[in-house]
Amino acid sequence: MRKNFYVVGNLKMNLLSREEATQYISLFQRELQGKRFERVKGIVCPPFLYLSQFDNLPASIQKGAQNFFPEKSGAYTGEISPLMLKNDGVEYVIVGHSERRRIACETDAMLHNKTLSALKHHLIPIVCVGETDEERRADETDRVLAEQVKIIFSSLSKLQAGTVIVAYEPRWAIGTDRLPTTEELLQVRVLLLKLFTEMFDAQTAERIAVLYGGSVKSAFLPAVSFEARMDGVLVGRESLFPYELVKMMGVLEYEAERQEQER
Ligand code: PEP
């Protein structure tokens, strides 16, 4: 079976005007010109305000949102519903980024609810999990990940679980230029496979894509996606440069093709 890789760009609270968003999009269009991606999906998550401007990107790039409120409509001042996103052509939503866990106090129970809501509205959740530096130093990474996954994925059907994308984002690696070793990443990959096999079954566990996020640069991609068997990356700072995102897509496309030919 041909494997799909993902490059997800989280633009966070950047691009400060429509003009800046337009400039970003035209740089992106220029970088994508003449390039074909058959094995890699690009997903870009701009601030809500600019989502409709991102319709102008080629089909190899899909739209994602950075957050949403898990109700369809109603008296929720200042919030954005999953149905609004879907109606605007959004396909993916980030759920539980560590910045929202920290700033907006989102808990695993809330993220479980958001994951269910996203699935109900036919959005693909990109669920972020990961340990803090303190937990890592206390050798608690496995326990923390198991707890997060068990709560967030509880009561999902096999079919629902198989469509979720998980982003393993160790909090100590976000915005710090510190990276886990390939071996550490592979251990997390194996742990998640084991947890999902126990919760669902082996086929479902294989279908749940697992990305890595935290200080990603293109040079790190072959180690992440091939040696550590991750299904792609969630990118913060580097995603502000369309050139870098397209370069990452190119690295994964090339490596995936090379490995297919070797098989
Ligand atoms: C992130 O915030 O999800 C992230 C991966 O950021 P950065 O790439 O800047 O570390």
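Here, every reference points to the structure presented above.
Residues numbered from 1 in each chain as written. Predicted model: local features only at pLDDT ≥ 70, side-chain atom pairs only at ≥ 80, totals over all residues. Heavy atoms only, no water.

## What to know about the overall build of the protein chain
What the protein chain contains, in helices and strands, is eleven helices and eight strands. For 263 residues, the compact-globule formula gives about 18 Å, and the C-alpha radius of gyration of the protein chain, at 18 Å, lands near that figure. Counting only C-alpha atoms, the protein chain reaches 55 × 45 × 35 Å along its principal axes. Here the analysis covers contacts within the protein chain between residues at least 6 apart in sequence; of these, 74% occur between residues at least 24 apart. Computed over 33 positive and 36 negative side-chain charges, the separation of the two mean positions in the protein chain equals 3 Å. (Helix = DSSP H or I, 4+ residues; strand = E, 2+ residues; numbered from the N terminus. Rg over C-alpha atoms; globule rule 2.2 N^0.38 Å. Contact = heavy atoms within 4.5 Å. Lys, Arg positive; Asp, Glu negative; His and termini not counted. Charge placed at Lys NZ, Arg CZ, Asp CG, Glu CD.)

## Remarks on the site of the ligand
The ligand sits among 13 residues. The nearest are K12, H97, G175, S215 and R237. A distance of 2.7 Å is found between an oxygen atom of the ligand and a side-chain nitrogen or oxygen belonging to H97. At 2.7 Å from an oxygen atom of the ligand is found a side-chain nitrogen or oxygen belonging to R237. Its free accessible area being 290 Å², the ligand has 99% of it covered by the protein chains. A class-by-class count of the residues in the shell around the ligand yields three nonpolar, six polar and four charged. (Near = heavy atom within 4 Å. Polar contact = N/O pair within 3.5 Å; in protein donor to acceptor, adjacent residues only side chain to side chain. Areas by Shrake-Rupley, 256 points an atom, 1.4 Å probe, with all protein chains shown as cover. Nonpolar A, V, L, I, M, F, W, Y, C, P; charged D, E, K, R; others polar.)

## Topic: the sheet that holds strand 1 (residues 5-10)
Pairing in this closed barrel of eight strands is parallel, and the strands run 1-2-3-4-5-6-7-8 around the ring. In this sheet, neighbouring strand axes are inclined to one another by 25 degrees on average, regardless of whether the strands run parallel or antiparallel. Where strand 1 meets strand 2 (residues 40-45), six bridges bridge the pair, whose relative direction is parallel. Note that in strand 2 the partner of V8 across the bridge is I43. Sheet contacts for helix 11 (residues 242-262): strand 1, strand 2, strand 3 (61-65) and strand 8 (232-235); angle to strand 1, the most-contacted strand, approximately 170 degrees. (Pairing = 2+ DSSP bridges. Axes fitted to C-alpha atoms, helices over the stretch in contact; angles between N-to-C directions.)

## Remarks on the pairing of strand 8
Side-chain alternation along strand 8 places G232 and L234 on one buried face and V233 and V235 on a second face that is also buried. Pairing of strand 7 (residues 209-213) with strand 8, which is carried by two bridges, proceeds in the parallel orientation. Considered in strand 8, the bridge of G213 is made with L234. (Buried < 20%, exposed > 50% of the residue type's maximum accessible area, 1.4 Å probe, protein only.)

## Structural notes on the pairing of strand 3
Most of strand 3 is tucked away: four of the five residues are buried. Where strand 2 and strand 3 come together, three bridges link them in parallel fashion. What sits directly across from I43, in strand 3, is Q62. The sheet contact formed by strand 3 and strand 4 (residues 90-95) spans three bridges and is parallel. The residue of strand 4 that forms the bridge with K63 is V90.

## Structural notes on the nonpolar core
Counting 69 residues, the largest nonpolar core has V7, F28, F54, F153, F196 and Y212 as its most contacted members. The biggest single contributor to this core is helix 8 (residues 182-199), with seven residues. Residue contacts for F54: discarding those within four places in its chain leaves L11, L15, Y24, I25, V44, P46 and K63. Of all hydrophobic cores here, the second largest spans 13 residues; its members include I94, C128, I165 and A209. (Core = buried A, V, L, I, M, F, W, Y, C linked by side-chain atoms within 4.5 Å.)

## Quick look at helix 4 (residues 108-120)
Residue pairs spaced three or four apart in an α-helix point in one direction, given the helix's 3.6 residues per turn. Between its terminal C-alpha atoms helix 4 stretches 18 Å, which fits the 18 Å expected from 13 residues at 1.5 Å a residue. Its buried side turned inward, helix 4 meets helix 2 (82-87), strand 4, helix 3 (98-103), strand 5 (124-129), helix 6 (141-152) and helix 7 (158-161). Backbone geometry just after helix 4 places H122 at a positive phi near 60 degrees. (Expected span 1.5 Å × (residues − 1).)

## Remarks on the pattern of salt bridges
A complete count under the given rule lists 21 salt bridges for this structure. Close ionic contact of R178 with D133 constitutes a salt bridge, the shortest N to O distance being 3.4 Å. Of this pair, R178 sits in the loop between strand 6 (165-168) and helix 8 while D133 sits in helix 5 (residues 133-137), placing them 45 residues apart in sequence. According to the relative accessible area criterion, D133 is partly exposed, its value standing at 22%. (Salt bridge = Lys/Arg side-chain N within 4 Å of Asp/Glu carboxyl O.)

Worth remembering: the numbers are spatial, not functional.
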